[in-house]
Amino acid sequence: VQLQAFGGGSVQAGGSLRLSCAASGRTFSSYFMGWFRQAPGKEREFVATISRNGGSIYYADSVNGRFTISRDNAKNTVYLQMISLKPEDTGVYYCAAGRSRDYHGACYEGKYNYWGQGTQVTVSS
């Protein structure tokens with residue numbers, strides 16, 4: 001599967017952005033999906049994940065209550081709605097797809113098989 005993330009940009013603190021990740025290739029609904037981010041000089045970190053049918057969702061503590069992950073299997077797309085953005089949310093955001101039948105551990109990068117190219121999010125104070 002090929003993933004393409006878009007929707008990043010520059011916003012002021014308190015603003016909102018909606019990221020999208022479009023998938024092509026094999027059946028989108030057979031993958032659980034995740035969003036990760038990497039700030040300058042830091043390691044890539046988990047942001048959110050959603051199971052194949054959307055029934056299970058998990059967030060990093062740092063974004064819980066501000067970010068919402070969702071998916072539309074008919075459109076082969078996963079979304080990340082971000083509100084109340086903070087400067088510390090700045091980074092390159094990556095979407096990823098995992099094909100394992102076991103959703104356990106979906107907060108870890110190693111669980112994912114395919115990655116998008118990333119989209120830059122910059123939040124200014």
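Read on for a plain summary of the structure. (Residues numbered from 1 in each chain as written. Predicted model: local features only at pLDDT ≥ 70, side-chain atom pairs only at ≥ 80, totals over all residues. Heavy atoms only, no water.)

## Notes on the overall build of the protein
Phase 1: Along the protein, the regular secondary structure elements total 0 helices and 11 strands.
Phase 2: When the helices and strands of the protein are listed from N to C terminus, the series reads β-β-β-β-β-β-β-β-β-β-β.
Phase 3: Here the protein has a C-alpha radius of gyration of 13 Å; the compact-globule value for 125 residues is 14 Å, and the two agree.
Phase 4: Along the longest, intermediate and shortest principal axes, the C-alpha atoms of the protein span 40 × 25 × 25 Å.
Phase 5: Taking all 125 residues of the protein together, 44% fall into the buried category.
Phase 6: A separation threshold of at least 6 residues defines the contact pool for the protein, and within that pool the share at least 24 residues apart is 58%.
Phase 7: For the protein, the accessible surface area stands at approximately 6300 Å², while carbon and sulfur atoms represent 45% of it.
Phase 8: On the protein, the mean spot of the 13 positive side-chain charges and the mean spot of the 8 negative ones are 8 Å from each other. (Helix = DSSP H or I, 4+ residues; strand = E, 2+ residues; numbered from the N terminus. Rg over C-alpha atoms; globule rule 2.2 N^0.38 Å. Buried < 20%, exposed > 50% of the residue type's maximum accessible area, 1.4 Å probe, protein only. Contact = heavy atoms within 4.5 Å. Areas by Shrake-Rupley, 256 points an atom, 1.4 Å probe, with all protein chains shown as cover. Lys, Arg positive; Asp, Glu negative; His and termini not counted. Charge placed at Lys NZ, Arg CZ, Asp CG, Glu CD.)

## Considerations on the nonpolar core
Phase 1: In terms of nonpolar packing, the biggest core is built from 35 residues, with Met33, Trp35, Leu80, Met82 and Tyr93 touching the most fellow members.
Phase 2: Within the residue set of this core, elements represented by two or more residues are strand 1 (2–6), strand 3 (17–24), strand 4 (32–38), strand 5 (45–50), strand 7 (67–72), strand 8 (77–82), strand 9 (91–98) and strand 11 (119–124). (Core = buried A, V, L, I, M, F, W, Y, C linked by side-chain atoms within 4.5 Å.)

## Overview of the sheet that holds strand 3
Note: strands within a sheet are paired through backbone hydrogen bonds, in either parallel or antiparallel orientation.
Phase 1: Sheet architecture is open: 4 strands sit in the order 1-3-8-7, paired in antiparallel fashion. Two strands close off the open sheet at either side, each with one partner strand: strand 1 and strand 7. Between one strand and the next, the sheet's axes are offset by a mean angle of 15 degrees, whatever the strand orientation.
Phase 2: Bridge count for strand 7 against strand 8 is 6 bridges, and the pairing is antiparallel. When the sheet's bridge partners are listed, Thr68 is paired in strand 8 with Gln81. (Pairing = 2+ DSSP bridges. Axes fitted to C-alpha atoms, helices over the stretch in contact; angles between N-to-C directions.)

## A word on the packing of aromatic side chains
Phase 1: Considering all chains together, one arrives at 8 aromatic pairs under this definition.
Phase 2: Relative to Tyr112, the ring of Phe36 has its centre 5.2 Å away and its plane inclined at 80 degrees; by these criteria the two rings are edge-to-face. Of this pair, Phe36 sits in strand 4 while Tyr112 is found in the loop between strand 9 and strand 10 (114–115), placing the two residues 76 residues apart along the sequence. Comparing Phe36 with Tyr112 shows no difference in burial state: the two are buried.
Phase 3: Here Tyr58 and Tyr103 contribute two aromatic rings whose centre-to-centre distance is 6.1 Å and whose plane-to-plane angle is 35 degrees, an arrangement assigned as tilted. A residue pair is termed long-range when its members are at least 10 positions apart, and Tyr58 in strand 6 (residues 57–59) and Tyr103 in the loop between strand 9 and strand 10 qualify at 45 residues.
Phase 4: A relative accessible area of 45% places Tyr58 in the partly exposed class.
Phase 5: Here Tyr103 falls in the buried class, since its relative accessible area comes to 15%.
Phase 6: Pairwise contacts between aromatic rings join Phe32, Phe36, Phe46, Tyr58, Tyr103, Tyr112 and Trp115 into one cluster.
Phase 7: Above the ring of Tyr79, the side-chain terminus of Arg18 is found at 4.0 Å from the ring centroid.
Phase 8: Stacked on the ring of Trp115, the Lys or Arg Arg44 has its end atom at 3.9 Å from the ring centre. (Phe/Tyr/Trp six-rings, centres within 6.5 Å; stacked < 30°, edge-to-face > 60°. Lys NZ or Arg CZ within 6 Å of the ring centre and 35° of its normal.)

## Examining unusual backbone geometry
Phase 1: Although it is not a glycine, Asn76 adopts a positive phi angle of roughly 55 degrees.
Phase 2: Note that Asn76 resides in the loop between strand 7 and strand 8.
Phase 3: Even without glycine at this site, Ser84 takes up a positive phi of about 50 degrees.
Phase 4: One can find Ser84 in the loop between strand 8 and strand 9.

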